[in-house]
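Chain residues, written in single-letter form:
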Amino acid sequence: MKAQHIYIICVISSLIGLSCQDFLKETPLDQIPEEEAFDNESQLYLNTVATLYNYVGGYSDNQGLSGTYRGIYDLNTFTTDEAIIPTRGGDWYDGGFWQGLYLHEWGTKSHALQATWEYLYKVIVLSNNSLEKLNNAITEANKENIEAYIAEVRAFRAMYYYYLLDLFGRVPLILSSSTPMSEVKQNERQEVFNFVVGELQAATPFLSTARSNFLGDYYGRITRPVAYFLLAKLALNAEVYTDNNWTDQAHPDGRNILFTINNQTYNTWEATKAYCDSVSSLGYQLATDYEANFSVYNETSVENIFTIPMDKHFYTNQMMYLFRSRHYNHAKAYGLGGENGSSATIEALKTFAYDTDSVDSRFDKCYYAGIVYDLNGNVVRLDNGSILAYLPWEIGLDISGTASEKTAGARMKKYAIDKNATKDGKLQDNDIVLFRYADVLLMKCEAKVRNGEDGDYELNLVRLRAGSPQRKATLENILSERQLEFAWEGWRRQDLIRFRLFTRPYSNRPQLPNEESGYTTVFPIPENILTLNKNLSQNPGY
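Presented here is an overview of the structure given in this document. (Residues numbered from 1 in each chain as written. Predicted model: local features only at pLDDT ≥ 70, side-chain atom pairs only at ≥ 80, totals over all residues. Heavy atoms only, no water.)

Of regular secondary structure, the protein possesses 19 helices and 10 strands. For 542 residues, the compact-globule estimate of 2.2 N^0.38 gives 24 Å, and the protein sits close to it at 23 Å. Principal-axis analysis of the C-alpha atoms gives the protein an extent of 70 × 55 × 50 Å. Counting across all 542 residues of the protein, residues that qualify as buried make up 62%. Partitioning the contacts of the protein with sequence separation of at least 6, the portion at a separation of at least 24 is 70%. Counting every atom, the protein has about 20,100 Å² of accessible surface; 48% of that belongs to carbon and sulfur. (Helix = DSSP H or I, 4+ residues; strand = E, 2+ residues; numbered from the N terminus. Rg over C-alpha atoms; globule rule 2.2 N^0.38 Å. Buried < 20%, exposed > 50% of the residue type's maximum accessible area, 1.4 Å probe, protein only. Contact = heavy atoms within 4.5 Å. Areas by Shrake-Rupley, 256 points an atom, 1.4 Å probe, with all protein chains shown as cover.)

Phi at Trp 92 is positive, roughly 70 degrees, even though this residue is not glycine. Examined against the element boundaries, Trp 92 turns out to sit in the loop between strand E1 (83-84) and helix H4 (97-103). Given a relative accessible area of 8%, Trp 92 falls into the buried group. Here the phi dihedral of Ala 353 falls at roughly 55 degrees; this positive angle occurs in a residue that is not glycine. Relative to the helices and strands, Ala 353 is located in the loop between helix H13 (346-351) and helix H14 (362-366).

With the rule as written, the count across this model stands at 34 aromatic pairs. Of the aromatic side chains, those joined through ring pairs into one cluster are Trp 106, Trp 117, Tyr 121, Tyr 161, Phe 168, Phe 195 and Phe 523. When the ring centre of Phe 97 is taken as reference, the NZ or CZ atom of Arg 70 above it lies at 4.3 Å. The residue whose ring lies beneath Arg 211 is Tyr 284, and the NZ or CZ to ring-centre distance is 4.2 Å. (Phe/Tyr/Trp six-rings, centres within 6.5 Å; stacked < 30°, edge-to-face > 60°. Lys NZ or Arg CZ within 6 Å of the ring centre and 35° of its normal.)

With that out of the way, let us pick up the packing of helix H15 (residues 437-450) against helix H16 (residues 456-466). Two elements in contact, H15 and H16, have axes separated by 7 Å at closest approach and are oriented at 145 degrees. Across the interface between the two elements, Ala 438, Leu 441, Leu 442, Lys 444, Cys 445 and Lys 448 of H15 pack against Glu 458, Leu 459, Leu 461, Val 462 and Arg 465 of H16. Considering only residue class, the contact of H15 with H16 consists of seven nonpolar, no polar and four charged. (Axes fitted to C-alpha atoms, helices over the stretch in contact; angles between N-to-C directions. Nonpolar A, V, L, I, M, F, W, Y, C, P; charged D, E, K, R; others polar.)

Functional significance is not addressed by these values, which are geometric in nature.
This is the structure in structure tokens:
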């Protein structure tokens, strides 16, 4: 079943600004008495577990794990060498926000950072409230089912802490919906990492092995393969996530970071492989057709692991990214809308070998470049009658006043066009892909190479599907492959940080003073949050 639109148990205004008790004083929107909302297992599940999934997608800025503006996806994408939203005359300056992301000049007063922090904690405190309701409801008769519900919420909450860990590093572990303000403390990054790993490990045996991306009872939910994927990500990035002082140039060694899995001890690279194998054992495989993963009705993908369910008739979750990227006339030719924004960087073009005889086949699947055609194969024209053609190499940070101001940049193409999409194309039936099996293969490949093993097999499985020639699995080739395979999927920031390349200078982005220390690999704790809670301190370097 899709994440259901049920009444919201509580509305949370701003974590750390109020005591957690204050978040839970709202009356349920449909006025169902609380005793009725939790008086049987069905109602209990709907109002403690299912309701949480309303927050995975979003309708407005900063909300949802993907699909909207100025939230997690944008922080992970437009801060990198993968994509840019250039200033185009009067378009896309927005007070310097988009340039600031690209230049790593986001500052400590960014509304987007604060709103993302508040969104993640809002869902965490809602999860805490659900866990309290579930624990109070356990009886001998319902113990097995309630334990499964509890495990699902614990894993769900752990996923949200995973995003906080990745973005902000040192964050408070709030484990109750009634934590007094005075008791909210900041945890070191390794403590948060250990907590997330432990929660997922504890929850996994109770989770269904069902495919979360398939239509049915577990559609859109946290199931065992989703948890295994997250554990693999945590292990792969453990050198980053266990580093409590990421600005001192001393970094943990993955061979010395240990995981216990089924009573056996593994280093971080062995653990990554083990969790990847656990996903593989559940029957996931590469789709024969790469594009099928992003098709209008992609719920049958054999590759997708976790998605945000989209249905323009039932949900308000938005997918803004295609809309944001298309030129106005390009969009109009589809009967949709466009904002003429996001484009590939020069670095991305070079990785794809664009404009050469060896261009990767995935370029045409991920980008519009050159002459633009409508869905019937007709040339799209500008208002003056000339042919609309995107000019990938003309991209820059500020292209205002140039001849290619409105046409510079290769644009996002990854998701198939839903001809029946509504709201200018923002409400579509392509589920938004968050986790997929190609990533499992490349995670295992990278872990093997970092552990001194041969990762050629996994790398070339992914390349074979793309029709690309085989390559040796070196770290350089793996990072390149990740950009080829996951363009527009929101992984680039994390990948560059893990490869220690996030702070380097590149086209239109000079390195900031002292950025070689690595301080921008973690975002600052929003200044307003620090003002509201004196127990918290700023991340180093800001």
